[in-house]
Amino acid sequence: MFETEVKSALNTETGLKKPEDVLYPVMEHFFTIQGEGAHTGRPAYFIRTAGCDVKCWWCDVKDSWDGDKHPKISVRDLAVSAEASRAPFVVITGGEPLLHDLGPLTTVLKQRNLSIHIETSGSSPLSGHLDWITLSPKRFKKPLEEVFPYVDELKVVVLTKKDLKWAEENAAKCPEGTRLLLQPEWDTPESMPMIVEYVKNNPQWGISLQTHKFLGVR
Ligand code: SF4
């Protein structure tokens, strides 16, 4: 869990606006099933912010990269939709959600008693109130050292053997008790036997699959 003071969060990006009136570029927001990671299978409200400066070549949401291509939506509208869905938690994802000051959005979601999860590359500073932090580190733009102490779940996308080494380097920096997960890249199924073998030999790790793609949900 991570929490910044709301006051400082409001000052950095938003000036004197009320948190409800702050706008974020959003590619999509929708009620669905969390498809990957430690909370797989649970209903969740997803908010996919627009803008990403990491630019993984295998990214499956390249449409999210350009923040100017997407509408700006108020915190009020996002929070009303999330609450109306009756989802037990919200997943803020991207794009790279930490390109934005998440203070206003997470303050209002918290006021509505929603638990807040984030999926991030960790390459920009943490902000806001975050109940569950999933770090998905990318070699293209490494996580900031200051992010590691707050990680709840480390989810590393695996294409080749090099990614297993990358996974261990990152795991060494995470707190004890962090959920450690290896996830095959969807279009690289040949990585699966390697991951299975690795997890059998290194039982501190588990496997995360993109089950939403099997279920046919977003
Ligand atoms: S960090 Fe995420 S959104 Fe950005 S390019 Fe990589 S996979 Fe895509």
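Our structure is the block above this text.
Let us look at the structure shown here.

Conventions we followed
- Residues numbered from 1 in each chain as written.
- Predicted model: local features only at pLDDT ≥ 70, side-chain atom pairs only at ≥ 80, totals over all residues.
- Heavy atoms only, no water.
- Near = heavy atom within 4 Å.
- Nonpolar A, V, L, I, M, F, W, Y, C, P; charged D, E, K, R; others polar.
- Salt bridge = Lys/Arg side-chain N within 4 Å of Asp/Glu carboxyl O.
- Helix = DSSP H or I, 4+ residues; strand = E, 2+ residues; numbered from the N terminus.
- Buried < 20%, exposed > 50% of the residue type's maximum accessible area, 1.4 Å probe, protein only.
- Pairing = 2+ DSSP bridges.
- Right-handed = clockwise from strand over helix to strand, strands pointing away.
- Polar contact = N/O pair within 3.5 Å; in protein donor to acceptor, adjacent residues only side chain to side chain.
- Contact = heavy atoms within 4.5 Å.

Another aspect to go through is the site of the ligand. By nearness alone, every residue bordering the ligand is listed as Cys52, Val54, Lys55, Cys56, Cys59, Val61, Trp65 and Gly95. Within the shell around the ligand, the residues separate by chemical class into six nonpolar, one polar and one charged.

For the structure on display, the rule yields 13 salt bridges. Between Glu197 and Lys200 there is a salt bridge; the shortest N-O distance is 3.4 Å. On the criterion of helical spacing, the pair formed by Glu197 and Lys200 is a turn pair, its members being three residues apart in helix 5 (residues 191-201). Beyond isolated ion pairs, a larger network of salt bridges with shared partners links Glu36, Glu119 and Lys155.

Counting buried residues in strand 10 (residues 179-184) gives five out of six residues, a clear majority hidden from the surface. With six bridges connecting them, strand 9 (residues 153-158) and strand 10 associate as parallel partners. Counted as the bridge partner of Leu154 is Leu180 from strand 10. Each parallel crossover has a hand, and the one from strand 9 via helix 4 (residues 161-171) to strand 10 is right-handed.

Let us look at the side chain of His39. One can find His39 in the loop between strand 2 (23-33) and strand 3 (43-49). Owing to a relative accessible area of 17%, His39 belongs among the buried residues under this scheme. Engagement of the side chain of His39 in a polar contact is seen with the side chain of Arg42, the distance being 2.9 Å. Among all residues touching His39, those that are not within four sequence positions of it are Gln34, Phe89, His117 and Trp132.

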